[in-house]
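Residue-level listing of the chains:
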Amino acid sequence: MKTLTSCASGSPARLLSVAGYRGSRVVSNHEFCQWIDSSDEWIQQRTGITERRWATPDETVLQMAAAASRDAVQRAGISLDNIDALIVATVSHQQQSPALATALAAALGLSDVPAFDISAACAGFCYLIELARSLVASGAARHVLIAASERLSDMIDITDRSTAFLFGDGAGAAVVAAADTPGISPAVWGTTGTNVAAVGIEPWPDAVAKRQAFPHIVMDGAKVFRWAATEVAAKALEALVAANITVADLGVFIGHQANSRIIDAMLRRLALPDHVAVSRDIRIQGNTSAASIPIAMSAMLEDGSAHCGQLALLVGFGAGLSYATQVVTMP
Ligand code: UT7
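Conventions used here
- Residues numbered from 1 in each chain as written.
- Predicted model: local features only at pLDDT ≥ 70, side-chain atom pairs only at ≥ 80, totals over all residues.
- Heavy atoms only, no water.
- Near = heavy atom within 4 Å.
- Polar contact = N/O pair within 3.5 Å; in protein donor to acceptor, adjacent residues only side chain to side chain.
- Areas by Shrake-Rupley, 256 points an atom, 1.4 Å probe, with all protein chains shown as cover.
- Helix = DSSP H or I, 4+ residues; strand = E, 2+ residues; numbered from the N terminus.
- Salt bridge = Lys/Arg side-chain N within 4 Å of Asp/Glu carboxyl O.
- Buried < 20%, exposed > 50% of the residue type's maximum accessible area, 1.4 Å probe, protein only.
- Contact = heavy atoms within 4.5 Å.
- Phe/Tyr/Trp six-rings, centres within 6.5 Å; stacked < 30°, edge-to-face > 60°.

A. Spatial organisation of the site of the ligand. If you check the shell around the ligand, you find 22 residues, and the closest are Ser 38, Arg 46, Arg 161, Asn 259 and Asn 287. In this structure, an oxygen atom belonging to the ligand sits 2.7 Å away from a side-chain N or O atom of Arg 46. At 3.0 Å, a side-chain N or O of His 256 approaches an oxygen atom of the ligand. Considering the ligand on its own, with 950 Å² of exposed area, one finds that the protein chains cover 70% of that surface. Mapped onto the shell around the ligand, the elements with two or more residues apiece are helix H2 (40–47), helix H7 (221–242) and helix H8 (260–270). A total of four residues in the shell around the ligand trace back to one element, the largest contributor, which is H7.

What follows is the structure in structure tokens.
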């Protein structure tokens, strides 16, 4: 099995663990179709989704992030005392300040560690991996806890048939640590500089003016679809070059779980061999933005479709338009 060779400067880093948390309420397509003019058949054919997971009122972004984080630290075989930094990705934390990461640090009993949020939407988890890898590479940290948590059911107009049925709630977390050999390749990451508003969350003042409890997700789905299937897929090919591997070396592909047809288009563009295990977690989870990749990764390890030590290509993309893609060794 191919391993990542020295593909970045500084101390190597790897994922020690990953964990996922699914909102506990299952919402089927049939249930959803009471709110929009659609059908189970249409949603399955166009997106691959059969059901999505939503959080109950008690499952806040903090509670879900804490549950995933505790599992990730335990699976890493370390103690919370070992954590040198905590970074959280979220677009659905309902408070501009303080950061969700500071509340998560308090919930976990962490003190005197840097704790801050990033906002990179559905590319968030891949951004977190790159940030954590960089902290380890620079020597600033040996163990970085990264977490992504989203309650997108709060952020949808449930009557909007062009977006509402896509989204779910959940969290994921991982520990990135210093290692003897590299287990994370340098990310190919960026923003397009165009189509900034193709997908995002409406401004708070607009939501207040419309007397909504929360701002809603708005998007031009077709535009995002085309961009992801073409330009982002090309970035994923660049990530393989940056990792100094080819598609033949991959064991796992985990794209952002936005639409099964986007995953299909990426597979065609990347020409992945049949032996590569592909996550279709969107089928039962919906799109959980930054949390989608760690939830999917954890599920593949749990159901045996992926194994520790395999090389996985990760591809995150979303609002901004932002993307990040890298190769990791499965924890
Ligand atoms: O997390 C990152 C951000 N989000 C994404 O990556 C999402 C990317 N985009 C998508 O997943 C897809 O564009 C959607 C799933 C949102 C839409 O699928 P589509 O295949 O692009 O549908 P469309 O908007 O082109 O609409 C096709 C047809 C239209 O009917 P006509 O004009 O062909 O008669 C729509 O009116 O499907 C109709 N339609 C629906 N029918 C039943 C649109 N939404 C629905 C619906 N149920 N919910």
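After that view, the rundown keeps rolling.
B. Here's a closer look at the pattern of salt bridges. The final tally for this structure, using the stated rule, is nine salt bridges. With a shortest N-O distance of 4.0 Å, Lys 223 and Asp 220 are connected by a salt bridge. Given the relative accessible area of 33%, Lys 223 is considered partly exposed.

C. Expanded view of the environment of Ala 319. With respect to the element layout, Ala 319 can be found in the loop between strand S13 (311–318) and strand S14 (322–329). Residues Ala 319 and Leu 270, 49 residues apart in the sequence, show an inter-C-alpha distance of 23 Å. Apart from the residues within four sequence positions on either side, Ala 319 is in contact with Ala 121, Val 199 and Gly 200.

D. Summary view of the packing of aromatic side chains. Under the defined criterion, the tally for this structure stands at six aromatic pairs. For the ring pair Phe 32 and Trp 54, a centre distance of 5.8 Å and an interplane angle of 80° mean the geometry is edge-to-face. Of the two residues, Phe 32 is situated in helix H1 (residues 29–32) and Trp 54 in strand S3 (residues 51–54); the sequence distance between them amounts to 22 residues. Its relative accessible area of 0% is what places Phe 32 among the buried residues. The exposure class assigned to Trp 54 is buried, which follows from its relative accessible area of 8%. Measuring from centroid to centroid gives 5.8 Å for Trp 42 and Phe 165, while their planes differ by 85°, and the two rings are edge-to-face. Of this pair, Trp 42 sits in helix H2 while Phe 165 is found in the loop between strand S6 (143–151) and strand S7 (169–178), placing the two residues 123 residues apart along the sequence. For Trp 42, a relative accessible area of 38% corresponds to the partly exposed category.

E. Broad picture of the side chain of His 143. Along the chain, the position of His 143 falls in strand S6. A polar contact is formed between the side chain of His 143 and the backbone oxygen of Asn 82, at a distance of 3.5 Å. Once you skip the residues sitting within four places of it in the chain, His 143 turns out to touch Leu 16, Ile 78, Asn 82, Ile 83, Asp 84, Ala 85, Val 175, Val 176 and Ala 177.

What is shown is where atoms sit, not what they do.
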